[in-house]
Amino acid sequence: MAARGGEGVWVVVYDFDPDPRYLVNVNRAPGEGGETKQGQVPKGGEPTTWLQGPHVVVLHDLDAGASMAVISLLFLAVMYVVHHPLLVSDRMDLDTLARSRQLEKRMSEEMRQLELEFEERKRAAEEKQKAENFWRGDTSGDQLVLGKKDRGWPFQVDGQEGPLGWMLGNLWNAGLFCIFLIFELLRQNMQHEPAFDSSSDDDEEEVRVVPITSYNWLTDFPSREALESFHKHHVQNVTRDLPCTCEFVESFVDDLIEACRVLSRREAHPQLEDCLGIGAAFEKWGTLHETQKFDILVPIIPPQGTMFVLEMRDPALGRRCGCVLVESECVCKREKLLGDVLCLVHHHRDHSALVGKSNSSIKAALCTGSHLDVYKTVQWFRNMVGNAWALVAHKYDFKLSLPLSTTCCKLRLDYRSGRFLSIRLVLGVQREDTLVYLVSQAPDQEQVTSVDWPESFAACEHLFLKLVGRFAPENTCHLKCLQIILSLRDLQSLPQGASRPILTSYHFKTALMHLLLRLPLTDWQHDMLSQRLQDILWFLGRGLQQRSLHHFLIGNTFLPLTIPIPKTFRNAEPVNLFQHLVLNPMAHSQAVEEFHNLLAQVKALPCSSLAGAR
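Residues numbered from 1 in each chain as written. Predicted model: local features only at pLDDT ≥ 70, side-chain atom pairs only at ≥ 80, totals over all residues. Heavy atoms only, no water.

Quick note on the threshold: UniProt positions are given in the numbering used here, feature names are shortened, and annotations may be inferred rather than shown by experiment.
In the annotation of an unreviewed UniProt entry, the protein chain is listed under the name ITPRIP like 1 and assigned to Bos indicus x Bos taurus. Per UniProt, the protein chain has the following entry under Sequence similarities (unreviewed entry): "Belongs to the ITPRIP family." Looking at the protein chain in UniProt, the text filed under Subcellular location (unreviewed entry) is "Cell membrane".

Encoded structure:
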């Protein structure tokens, strides 16, 4: 079907599948100048064509300049989206940059696919046009393009012949494109990106840590040389052998765990997985007090035919913990991975009875009711470690003792030289496919029941610091800052009447991790030690003043996606680690006093003028 209008405009329509749903008016609606039927031209000379079904519509004599203008505007829009994906610093969030690049790559692939599809449809339309012309006996030209013979250059402008004429006619488009590219290059070179972004002045004090402003709140701050000297004498000398000791501890515990697996192979008890070193010593920020204490996380999984169901308590109650419900499990889920192997629970009575026996055995030995009991599980693990030591004792030249503990398995290694090591084996149940565990060892200040397993984020924090060490420049000062602060804190005495400190090493570690996300890693080079140390103290001091220090993993929008945590954590409300200071003014006064004592320890070091600090 074809219709011809004024100015030699042709509309060529190929109807493949008429369908009233695809009714399209090419020019104007009926009723404006009279009703028009398909293929007819109204009196005014304007063609009005109604199309039905999927068609291939080819138009000719469109203004080439207008077409190129539309293409240029679309290209500029796409370039703007690509160059401005999010107002987030790629130095602060590597995951955002990676997602932007993946989106750009996917858009490019989709664009190429659309271009190929368009070319294929165009080629099919041309072939069909040739076939129809052949059957009509029209052989005046090899190809009809938009209703006219192809004159060699499809984008030809009236009055200008050939490619040169087309280029001259659309020179303004090329100039516009060049101006856009020059503007983008200048913008990227001249842009000064701050360490933190903020949408308003009111929010700036909440999320931005500007080192320049922090330099003014503490005068006579120690120089980098003084801090380096203190670190060398009070930290580096006493922790020189710490990496080798950590490696030995992990190797020794692995040996014990392997012996435990041999002993429990025929028992219907939880299975032990590979251990993970956690805490200050394994995260490489340990001080003198951490050189002889080592924490090892030992994940456990249920035996075959049994599953652990985690029942998390409401965090609003003030404690982040959960219960481990022990239930029977059909082994079909595991055996489906083996192909056509039948589930023996449903097809073999003896094995079904064995599974039922194992389930009742673990409930009777390790559970209170239907929930896994912390005390019973730790006692079972402690007995197993004692039996495993008998198998591997010939390999080592120290004496192993197991001090009593209800929440972890303590090991004490005594050497002939008088040196000893203390190791704590903490049992943990993994939460989903994350690095968050429900562990047997609770913080000292928490009182929990025997079926409550506290939530631990130690593995996530260990992974974060490990990633920082991998991507940061060599010889960074972030761990050195934390070691200096904790060493100075250990040198001071508690305020009068206090039984234990309010500010713990975890509070200083949390402040450090927040700053590692908000400051570029290049700002943590060794020559920035004095500035970064002051930033940590300023960050924690401001938190004490506001009685607010947010948890690093819960509700942290800056947290990279490479840290596996439950999905609900990212969108949750931030957890205030200083909430107890809001409820207890006496505890807040003690924390402030401890902080001022720490500042006094810092000022006692050799000082330098801040004028040349940066």
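1. Observations regarding the overall build of the protein chain
Rules: Secondary structure follows DSSP: runs of H or I at least 4 residues long count as helices, runs of E at least 2 residues long count as strands, and numbering of each begins at the N terminus. Buried means the residue's accessible area, taken with a 1.4 Å probe over protein chains only, is under 20% of the maximum for its type, while exposed means over 50%, and partly exposed covers the values in between. Residue-level accessible areas treat just the shown protein chains as cover; the underlying method is Shrake-Rupley with a 1.4 Å probe.
Counting its secondary structure elements, the protein chain contains 19 helices and 19 strands. Considering the protein chain as a whole, with its 614 residues, one finds that 40% of them fall into the buried category. Carbon and sulfur atoms make up 55% of the accessible area of the protein chain, which totals about 35,100 Å².

2. What to know about the packing of helix α14 (residues 478-490) against helix α16 (residues 529-546)
This is how it is decided: Fitted lines through C-alpha atoms serve as axes, helices being fitted only where they are in contact, and the angles separating the N-to-C directions of these axes extend from 0 to 180 degrees. Working definition: roughly parallel below 35 degrees, roughly antiparallel above 145 degrees, roughly perpendicular at 65 to 115 degrees, and oblique for all remaining angles. By convention, the crossing between two helices is left-handed when the near helix turns anticlockwise from the far helix through less than a right angle, and right-handed when the turn is clockwise. Throughout, a contact is declared for two residues whenever any of their heavy atoms are within 4.5 Å. Nonpolar residues are Ala, Val, Leu, Ile, Met, Phe, Trp, Tyr, Cys and Pro. Charged residues are Asp, Glu, Lys and Arg, and all others, Gly as well, are polar.
At their nearest, the axes of α14 and α16 sit 10 Å apart, and the two run at 60° to each other. As far as their axial angle goes, α16 and α14 are oblique. α14 and α16 meet at a crossing whose hand is right-handed. Contact residues: α14 offers Lys-480, Cys-481, Ile-484 and Ile-485, while α16 offers Leu-529, Arg-532, Leu-533, Ile-536 and Leu-537. Residues that form the contact of α14 with α16 fall into these classes: 7 nonpolar, no polar and 2 charged.

3. Some points on the pattern of salt bridges
Test applied: Only one rule defines a salt bridge in this text: a Lys or Arg side-chain nitrogen within 4 Å of an Asp or Glu carboxyl oxygen.
Here the structure, examined in full by the defined rule, presents 16 salt bridges. Residues Lys-395 and Asp-255 are paired through a salt bridge, measuring 3.4 Å at the closest nitrogen-oxygen approach. Here Asp-255 lies in helix α8 (residues 242-263) and Lys-395 lies in the loop between α12 (374-392) and β15 (399-401), a separation of 140 residues in the sequence. Note that Asp-274 is salt-bridged to Arg-261, the shortest N-O span being 3.0 Å. Of this pair, Asp-274 sits in the loop between β8 (271-272) and β9 (276-278) while Arg-261 sits in helix α8; the two residues are 13 residues apart in sequence, bridging distant segments of the chain. Its relative accessible area of 57% is what places Asp-274 among the exposed residues. For Arg-261, a relative accessible area of 24% puts it in the partly exposed group. When salt bridges with common partners are traced through the structure, they connect Arg-224, Glu-225, Glu-228 and Lys-480 into a single cluster.

4. Observations concerning α16
To keep things clear, this is the line we draw: Here a helix's expected span is defined as the number of its residues, less one, multiplied by 1.5 Å.
Its 18 residues give α16 an end-to-end C-alpha distance of 26 Å, which sits within 8% of 26 Å, the value for a rise of 1.5 Å per residue. Burial analysis of α16 places 16 of its 18 residues in the buried class, which makes it a mostly covered element. After α16 finishes, the residue Arg-547 shows a positive phi value of roughly 55°.

5. Comments concerning the environment of Asn-387
With respect to the secondary-structure elements, Asn-387 resides in helix α12. Distance in space between the C-alpha atoms of Asn-387 and Ala-259 is 8.6 Å, their sequence separation being 128 residues.

6. Topic: the packing of α8 against α12
Put simply, α8 and α12 touch, their axes get as near as 8 Å, and they point 105° apart. Taken as axis vectors, α8 and α12 run roughly perpendicular relative to one another. Contacts from Phe-252, Asp-255, Leu-256, Ile-257, Ala-259, Cys-260 and Leu-263 in α8 reach Phe-381, Met-384, Val-385, Asn-387, Ala-388, Trp-389, Leu-391 and Val-392 in α12.

7. As for the packing of aromatic side chains
Spelled out, the test is: Pairing of aromatic side chains here covers Phe, Tyr and the six-membered ring of Trp, requires ring centres within 6.5 Å, and sorts the geometry by plane angle: under 30 degrees stacked, over 60 edge-to-face, intermediate tilted.
Overall, the coordinates contain 14 aromatic pairs when judged by the stated rule. Measuring from ring centre to ring centre gives 6.5 Å for Phe-248 and Tyr-396, while their planes differ by 75°; the resulting arrangement is edge-to-face. Pair noted here: Phe-248 is in helix α8 and Tyr-396 is in the loop between α12 and β15, with a separation of 148 residues, a long-range link. Centre to centre, the rings of Phe-457 and Phe-569 are 5.8 Å apart; their planes meet at 55°, and the pair counts as tilted. One end of the pair, Phe-457, is in the loop between β19 (453-456) and α13 (458-471); the other, Phe-569, is in helix α17 (residues 567-570), and 112 residues separate them in sequence. Put simply, the rings of Phe-248, Phe-252, Trp-389, Tyr-396, Phe-398 and Tyr-415 pair up and form one aromatic cluster.

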